[in-house]
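# Architecture at a glance
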Amino acid sequence: MSVLEVNNLSVSYPAESGASEIVKNISIKVESGEIVGLVGESGSGKSTAMLAVMGLAGDGAYVQYDKITVGGKAPVPGKNVAMIFQDSLSCLNPSVKIGRQIRETVRARRRCSRKEAVARSEELLDLVGIRNPSLRMRQYPFELSGGMRQRVVLAIALACEPELIIADEPTTALDALVQAQILLLLRRIVRETKTSLILVSHDMSVTASMCSRLYVMHGGRIEESGTAEEIFYSPVREYTKQLLKDAKGGNFHRKRRTGRADCRELPGEDVLLKMETMTKVFSEGEGIRGFSLEIRRKEILALVGESGSGKTTAARILTGMLKEDEGTLYYHGHAMDRRRRMASLAGRVQMVFQDPYASLNPCLTVRETLTEALAAVQRNREMQDTLPEKIDKMLELTGISQDEADRYPRELSGGQRQRIGIARALIVEPELIVCDEALSSLDATTREQILELIFRLQRKIGFACLFISHDMHIVRRISDRIGVMYGGRIVETGPTEQICSDPWHPYTKQLIEAVPEPDPVRAARIKAVPAKDGTGVCTTGCPLAGRCGYALECCGREVPGRYSFDRREISCFLYSGKHGGRRSSDYRMTSQI
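As a starting point, this report considers the structure included with it.

What counts, and at which threshold
Residues numbered from 1 in each chain as written. Predicted model: local features only at pLDDT ≥ 70, side-chain atom pairs only at ≥ 80, totals over all residues. Heavy atoms only, no water. Helix = DSSP H or I, 4+ residues; strand = E, 2+ residues; numbered from the N terminus. Rg over C-alpha atoms; globule rule 2.2 N^0.38 Å. Areas by Shrake-Rupley, 256 points an atom, 1.4 Å probe, with all protein chains shown as cover. Lys, Arg positive; Asp, Glu negative; His and termini not counted. Charge placed at Lys NZ, Arg CZ, Asp CG, Glu CD. 1 Å grid on protein atoms, 1.4 Å probe; cavity = no way out; pocket = protein on both sides within 12 Å on 5 of 7 lines; lining within 4 Å. Points joined across faces, edges and corners; volume = space filled by probe spheres on them. Nonpolar A, V, L, I, M, F, W, Y, C, P; charged D, E, K, R; others polar. Pairing = 2+ DSSP bridges. Axes fitted to C-alpha atoms, helices over the stretch in contact; angles between N-to-C directions. Contact = heavy atoms within 4.5 Å. Core = buried A, V, L, I, M, F, W, Y, C linked by side-chain atoms within 4.5 Å. Buried < 20%, exposed > 50% of the residue type's maximum accessible area, 1.4 Å probe, protein only.

So, on to the overall build of the protein. Regarding its fold elements, the protein presents 24 helices and 22 strands. Taken over C-alpha atoms, the radius of gyration comes to 25 Å for the protein, in line with the 25 Å a tight globule of 593 residues would show. With the C-alpha coordinates aligned to their principal axes, the bounding extent of the protein is approximately 70 × 65 × 50 Å. When the accessible surface of the protein is totalled, it reaches about 26,200 Å², and 46% of it is carbon and sulfur. Seen as two clouds, the 83 positive and the 75 negative side-chain charges of the protein have centres 4 Å apart.

Below you can see the structure in the form of structure tokens.
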């Protein structure tokens, strides 16, 4: 039985040159208990089509269709159809406790008593994998992690008792482990409740792990449809083939192997910046503790770990945006004054942010943005005279046309805006740029373009790069070394190829096993560990002890040191001489997991 039937849906919006058609005559069908994927790059019309199905396309939209039914009836949001959005925080009322938000949805659907609604709310929180639901009911959204908030949004959707759930990029902003937890949860919910699910995503790996059938959208049209096996193994359309090629890395990985200068065998004097035993703990307990990291000249160092592990906190201390509680930052071997760090590093360390639109001034054109950045570090008149020449050179390097240079951020795509963010960071000729989740919101095709741009510029200009990401596919392809973070600490560092092919730390292994592949058979094998209950930085033992299958008795009461082996450093008692067992003097360390 078909739960959703959409026949010949078109959506257009008014524009200066006439109506702009975003969705063009598409038809979609979803069967009972089925998970169907709607995939395509940003701007292909996926979200617009689903908002039109929900009746939420907006007053300015002109929606035409022959038929839209859910369970044979017109779709009614909150009754027979519910939607889960990408940003869970914006979906929840920040001033209302979790329990009340779920309870009100339950009562609106069931017309039951308050006591019955409370019991049902706790039952739903338990169903979506939130432990201690009675406690969580009394908390506000900001007190929960990103993964837990997404579970709450799913609980609210289930409270509507819908026949169909539309999940629009539900895991894009989540790290690999939490993403795996949410994907497996969605799969289980569909199986147990017989609810149908449309998964809207630009991530081919995610859809490969979840969907039995796929619709591929491009330019507002359905470009191709079929079973997951047909789409991934025997695509017909060139656009679909390109999507899959980009999802698998295109030719970029091969270029990296043959074209990159080897930055891995650098002597100690090539250390550009060094953070030593840094501690920064916030009032809610999260932050970093005893954090140490070296960034070498002309290398790309990736920093990975789940949300809340301290990656961004470390980056903000490095750039001078935050002041640490304890620890020392060395620049070219010299300790830096904490109070004057921001001024000392001005122009030498630059940041590229996750959301380029939020980090750009909407009132300045691209050219004005670059002029402002360059003028901030070039004060004298002689330098000011060279501004136009430098700006034109940077526009050329980053692939921004002269026409785009005179536009405002709102007039550009996400990929174009991210190019501006990179150009703004590089125009002051820094020694280090910090990319903080700079690619996480981009579709596969745009991500490939920006990834190759960063790599090409890094080789041409020679800056060092701290690349913060939760996407292990990207990290594996672009970085020289990896630092793995958990619970505010570095748990493993080493050459990228070694860590990705042979992880030594239990958490690194969990992280790699949770990453889906753009292949239905392989992606179905993703693994997830239990959700972390509570937040904060561990101070009494190993932060992973409670969710590690290799934990020793000492792990709960002692913090492991950092043990060095050739080009690897690892923080795990399995590798210590005291706790790891007796070894001969000529023993060569290998993975203990």
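Further notes follow.
Looking at the second largest pocket, its volume works out to about 780 Å³. Along the walls of the second largest pocket sit 47 residues, with Ser205, Ala247, Asp471, His473 and Ile474 positioned nearest its centre. Put simply, the parts of the chain that give the lining of the second largest pocket at least two residues each are helix 7 (176–193), helix 8 (204–210), helix 10 (238–247), helix 11 (252–259), helix 20 (444–461), strand 18 (464–468), helix 21 (472–478) and helix 22 (496–501). Classifying every residue of the lining of the second largest pocket gives 17 nonpolar, 14 polar and 16 charged.

This part takes up the sheet that holds strand 19 (residues 481–486). Ordered by their spatial adjacency, eight strands build an open sheet running 16-17-18-13-19-20-22-21, and the pairing between neighbours is mixed. What marks the edges here is a single partner per strand, and that holds for strand 16 (349–352) and strand 21 (563–565). Each adjacent strand pair in this sheet contributes to an overall mean axis angle of 20 degrees, direction not counted. With respect to the sheet, helix 12 (residues 311–318) is in contact with strand 13 (300–304), strand 16, strand 17 (432–436), strand 18 and strand 19, its orientation differing from that of strand 17 by roughly 155 degrees. In the packing of helix 19 (residues 414–426) onto the sheet, contacts are made with strand 16 and strand 17, and the angle to strand 16 comes to roughly 175 degrees.

Now for the nonpolar core. Formed by 77 residues in total, the largest nonpolar core has its most connected members in Ile102, Val152 and Leu154. Per-element tally for this core: the top contributor is helix 7, with ten residues. Discounting chain neighbours no more than four positions away, the residues touching Ile102 are Ser121, Leu124, Leu125, Val152, Ala155 and Ile156. One finds Ile420, Leu426, Ala438 and Ile450 within the second-largest nonpolar core, a separate group that totals 37 residues.

Another point: unusual backbone geometry. Unusually for a residue other than glycine, His332 sits at a positive phi of about 55 degrees. Within the fold, His332 resides in the loop between strand 14 (326–331) and strand 15 (334–335). The phi dihedral of Asp566 falls on the positive side, at around 55 degrees, and the residue is not glycine. With respect to the helices and strands, Asp566 occurs in the loop between strand 21 and strand 22 (568–570). We classify Asp566 as exposed; its relative accessible area is 75%.

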